[in-house]
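The chain contents come next:
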Amino acid sequence: MSHAGALRSDVLLGFSRSPRRIPPRWFHDARGSELSERITRLPEYYPAAAEREILRERAAAIASATAARTLVEIGSGSSEKTGLLIDALGSPLTYVPVDISESALTGAAHALLARNPGLTVHAVLADFQNGLVLPAAPGPRLICFLGSTVGNLLPAERAAFLLSVRAALQPGDALLLGTDLVKDEATLMAAYDDGQGVTAAFNKNVLSVINRELGADFDPADFDHVAHWDAGRERIELRLRARRAVTARIPGAGLTVALRSGEEICTEVSAKFRREGLRSELAAAWLDPVLMWTDALDRYAITLAVPVPA
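Quick look at the structure, then. No experiment lies behind these values; they were computed from the predicted model shown.

### A short note on helix 2 (residues 30-40)
Right, on to step 1. Turning to helix 2, its buried residues number three or more, namely Gly32, Ser33, Leu35, Ser36, Ile39 and Thr40. Take helix 2 and look down its axis: the buried residues cluster within an arc of 165°, on one side only.

### Considerations on the pattern of salt bridges
Right, on to step 1. Inspection of every chain in the model, using the stated rule, returns 22 salt bridges.
Right, on to step 2. Residue Arg141 is joined to Asp173 by a salt bridge in which the shortest nitrogen-to-oxygen separation is 3.0 Å. Within this pair, whereas Arg141 is found in strand 6 (residues 141-145), its partner Asp173 is found in the loop between helix 6 (155-168) and strand 7 (174-180), the two being separated by 32 residues in sequence. With respect to class, Arg141 is no different from Asp173; both count as buried.
Right, on to step 3. A salt bridge links Arg244 to Asp222, with the nearest nitrogen and oxygen atoms 2.9 Å apart. Highlighted residues: Arg244 in the loop between strand 9 (235-242) and strand 10 (246-250) and Asp222 in the loop between helix 8 (198-214) and strand 8 (223-230), separated in sequence by 22 residues.
Right, on to step 4. In this structure Arg244 comes out as partly exposed when scored by relative accessible area, which is 44%.
Right, on to step 5. Salt bridges here are not isolated pairs; linked through shared partners, they connect Arg235, Glu237, Arg239, Arg241 and Glu264.

### Notes on the side chain of Glu268
Right, on to step 1. Relative to the helices and strands, Glu268 resides in strand 12 (residues 264-271).
Right, on to step 2. Buried within the structure, Glu268 lacks any salt-bridge partner; its nearest side chain of opposite charge belongs to Lys272, at an N-O separation of 7.4 Å.
Right, on to step 3. With residues near it in sequence (within four places) discarded, Glu268 still touches Pro24, Phe27, Asn152, Tyr192, Ile236, Glu237 and Leu238.

### Considering the packing of helix 3 (residues 46-66) against helix 4 (residues 82-89)
Right, on to step 1. Across the interface, helix 3 lies against helix 4 with an axial gap of 9 Å and an inter-helix angle of 35°. Relative to helix 4, the crossing made by helix 3 is right-handed. Here Arg52, Leu55, Arg56, Ala59, Ala60, Ile62, Ala63 and Thr66 of helix 3 lie close against helix 4, whose contacting residues are Leu84, Leu85, Ala88 and Leu89.
Right, on to step 2. Taken together, the residues that form the contact of helix 3 with helix 4 break down as nine nonpolar, one polar and two charged.

### Notes on the packing of aromatic side chains
Right, on to step 1. For the coordinates displayed, the defined rule picks out five aromatic pairs.
Right, on to step 2. With centroids separated by 5.9 Å and ring planes inclined at 80°, the aromatic side chains of Tyr45 and Tyr192 adopt a geometry described as edge-to-face. With Tyr45 in the loop between helix 2 and helix 3 and Tyr192 in helix 7 (residues 185-192), this pair connects stretches of sequence that are 147 residues apart. Taken as a pair, Tyr45 and Tyr192 share a single burial class, namely buried.
Right, on to step 3. Joined through ring pairs, the aromatic side chains of Phe15, Phe218 and Phe223 make up one cluster.

### A look at the nonpolar core
Right, on to step 1. Residues Val11, Phe15, Ile210, Phe218, Phe223 and Ile250 are the most contacted members of the largest nonpolar core, which totals 39 residues.
Right, on to step 2. Considering each element in turn, this core owes the most residues, seven residues, to helix 8.
Right, on to step 3. Beyond its immediate stretch of four places on either side in the chain, Ile210 contacts Leu7, Val11, Ile22, Gly215, Ala216, Phe218 and Ile250.
Right, on to step 4. Within the second largest apolar cluster, 26 residues are counted, among which are Phe128, Leu134, Ile143 and Leu282.

What counts, and at which threshold
Residues numbered from 1 in each chain as written. Predicted model: local features only at pLDDT ≥ 70, side-chain atom pairs only at ≥ 80, totals over all residues. Heavy atoms only, no water. Buried < 20%, exposed > 50% of the residue type's maximum accessible area, 1.4 Å probe, protein only. Helix = DSSP H or I, 4+ residues; strand = E, 2+ residues; numbered from the N terminus. Arc of directions from axis to C-beta. Salt bridge = Lys/Arg side-chain N within 4 Å of Asp/Glu carboxyl O. Lys, Arg positive; Asp, Glu negative; His and termini not counted. Contact = heavy atoms within 4.5 Å. Axes fitted to C-alpha atoms, helices over the stretch in contact; angles between N-to-C directions. Left-handed = near helix turned anticlockwise from the far one by under 90°. Nonpolar A, V, L, I, M, F, W, Y, C, P; charged D, E, K, R; others polar. Phe/Tyr/Trp six-rings, centres within 6.5 Å; stacked < 30°, edge-to-face > 60°. Core = buried A, V, L, I, M, F, W, Y, C linked by side-chain atoms within 4.5 Å.

In structure tokens, the structure reads:
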């Protein structure tokens, strides 16, 4: 399915549900990727700093444990943190960034090649939730899924994704998975509702994507950014709440959407993990978590998992 076709399908399905829902993969156009990078530099947004800390301290250990000759990064974005792994793995190395945003792929590839002229880059423009199909590349391969993006998937989606990764792994390959850990509500809420309003702009940008790609006429100013901690499910939920009754036309989807004042559109979930739960989810996908590292404050974890023989 084409990029526009996938968005059309998601909009038709998401706005037919109650509550309304737009999958978070549509955040990441060029503007969304820029805002995402700004979020990672906010003092409130601890996951990015914690993940960088672990990678700085453990990249050499990861390289030694995997001896990877191909580094695959799913949802690569700007590939900023990946540079730590590329440096540790050394040459020769093939880098395979996989992302839904062509602009993010192009920018990351140029930046990495400028810094690592001996690097071989095979960029893949794809949505990882539609199955993981990778180009032929030297092994062993290390598949990275960082940024706790796995937490943006609902439990059934997570299970399907992990099984698709397991299916792509050959003996000797490994998965490197970044996950945010459960912690106090105040710290979590500050990370997703920053004082500068960057997360709010990122959340509302999904409406701009729908406007541009499907000719819709949403006004982002008609919506408030809402972050909610669901303690029972242990996840943050991002929503857009209509400030007044809104009627929006989406010609590219053949749809008119009527929202009541106060009605919400769910745009993202961000699950927080406990170690035992994470190990159970990996084991259910025939993946063995052989190593796990956390930052000094125990806020975030990076796990190295290998395929369990069938």
